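Observations on chain architecture
Chain by chain, the residues run as shown.
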Amino acid sequence: MDLESVKRSFYKDVERANTGDDIEKIRIAYLGREKGHITLILRSIKDLSLEEKRVMGPLANELRQEIESILRIRQGEFHSLSREATTIDITMPGEKASLGHIHPLTQVENDIQGIFKSLNFAFIDGPEIEKEHYNFDALNIPLHHPARDMWDTFWLKTKSANRNERLLLRTHTSPVQIRYMETHKPPFQIISPGRVFRFEAIDATHEINFHQVEGLMMGKSVSVANFKYVIGLFLKQFFGKEVEVRFRPSYFPFVEPGFEIDIKIKNKWLEVMGAGMVHRKVLEGVNYDPEIWQGFAFGLGLERFAMIKYNIHDVRLFYSGDMRFIHQFN
Ligand code: PHE
């Protein structure tokens with residue numbers, strides 16, 4: 001038989017095979033050591049002329065390999081079929097599909113949102129690419145104000161489409177305060193979680209991108225006492241126990257008075273947020289009468305809260321994409 005017809009009859013035989021035994025028979029018929037078709041062809045090659053050998057040798061070997069691999073595949077199929085048929089146990093628990101899960105930062109953000117929702121705070125979103133006006137000027141930080149140095153800024157090369165304003169990656173969530181006040185009348189209370197950016201060197205406690213949650217409560221008689229109560233309640237719910245809180249006088253151009261809030265964890269004071277009573281210049285800028293409306297604002301670091309709650313020592317882990325880290329928060 002020539003190679004072509006051997007090949008054709010092989011495929012016909014394989015197609016007709018119904019069991020692993022059939023495949024074994026085919027294997028013997030074609031590759032059997034004594035009388036296999038391929039074996040015989042390979043054996044006869046030695047009698048050919050040198051030129052014929054050069055052509056036939058590789059062709060015959062190729063066909064042999066092809067036949068071997070087809071037989072291996074078909075045999076495997078019959079094998080697993082028969083195994084399935086005999087050993088399937090419908091009482092066995094199914095294979096567990098691995099599901100994705102929520103990133104610890106999102107988890108903490110959801111927790112914080114839930115707590116403030118229960119205190120009737122609305123959830124507001126703001127843009128990450130921000131105008132200089134909202135990130136600085138409207139927050140009482142005019143150009144050349146030394147306080148601008150508090151926020152190392154990524155500036156964009158492009159300017160805003162309409163008014164040729166400078167654009168930046170927001171350095172805090174406070175611009176959302178202005179955007180909201182411009183378009184809403186008090187009283188209200190809002191929170192706005194989101195990503196912020198700082199042009200800083202990265203280390204275990206600094207990232208160029210991190211997250212804040214801004215809070216703002218506006219009303220006719222909102223005071224520091226209200227803030228102290230709200231934030232005390234929030235901290236207690238977030239950490240699941242009473243935490244010691246300390247207000248330290250501090251400076252932010254958009255609040256007066258301003259403070260930093262520390263909490264005591266394992267006998268150490270940790271700074272967790274900036275806050276204060278909204279500055280009257282900010283109120284005037286959005287056409288609120290400071291004689292009537294007052295409010296408190298705060299900005300807390302999401303990573304900070306997650307690190308304290310879960311005892312994480314390096315902020316870089318949150319963005320590492322390291323599954324060993326992420327899987328600990330199932
Ligand atoms: N925006 C401030 C910061 O990023 C925090 C802050 C928010 C302070 C609101 C006071 C009031 O540092």
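Only a predicted model underlies this, so the values are computations on that prediction, with no experimental measurement involved.

Under the local residue numbering, the UniProt record ascribes the feature "domain: Aminoacyl-transfer RNA synthetases class-II family profile" (unreviewed entry) to residues 106-320. From the first C-alpha to the last, residues 106-320 spans 15 Å; its make-up is 27% helix and 33% strand.

On the basis of which strands lie adjacent, the open sheet formed by three strands has the order β2-β4-β3 and antiparallel pairing. Edge positions in the sheet fall to β2 (129-131) and β3 (155-159), since each has one partner strand and no second. Geometrically, the sheet is characterised by an average inter-axis angle of 40° between neighbouring strands, direction not taken into account. Pairing between β3 and strand β4 (residues 166-169): two bridges, direction antiparallel. Note on β4: the bridge partner recorded for tryptophan 155 is leucine 168.

A few words now on the UniProt feature "binding site: Mg(2+)" (unreviewed entry) in the protein. Mapped onto this numbering, the UniProt entry annotates "binding site: Mg(2+)" (unreviewed entry) at Glu256. Mapped onto the fold, glutamate 256 is located in strand β8 (residues 255-265). On the basis of relative accessible area, glutamate 256 is assigned to the exposed category, the value being 53%.

Membership of the largest hydrophobic core comes to 40 residues, with the highest contact counts inside it found for Phe234, Phe298 and Phe305. At the level of elements, α5 (104-118), β6 (209-219), α8 (224-239), β8, β9 (268-278), β10 (294-301), α10 (302-310) and α11 (323-326) are the ones that each hand at least two residues to this core. Among the elements that take part in this core, α8 stands out by supplying seven residues, more than any other. Discounting chain neighbours no more than four positions away, the residues touching phenylalanine 298 are Phe116, Ile191, Val213, Glu214, Gly215, Phe227, Ile231, Met273, Gly274 and Ala275. Counting 27 residues, the second-largest nonpolar core is a separate cluster that includes Ile124, Tyr134, Tyr180 and Phe252.

Criteria and cut-off values
Residues numbered from 1 in each chain as written. Predicted model: local features only at pLDDT ≥ 70, side-chain atom pairs only at ≥ 80, totals over all residues. Heavy atoms only, no water. UniProt positions renumbered as here; feature names shortened; annotations may be inferred. Helix = DSSP H or I, 4+ residues; strand = E, 2+ residues; numbered from the N terminus. Pairing = 2+ DSSP bridges. Axes fitted to C-alpha atoms, helices over the stretch in contact; angles between N-to-C directions. Buried < 20%, exposed > 50% of the residue type's maximum accessible area, 1.4 Å probe, protein only. Core = buried A, V, L, I, M, F, W, Y, C linked by side-chain atoms within 4.5 Å. Contact = heavy atoms within 4.5 Å.

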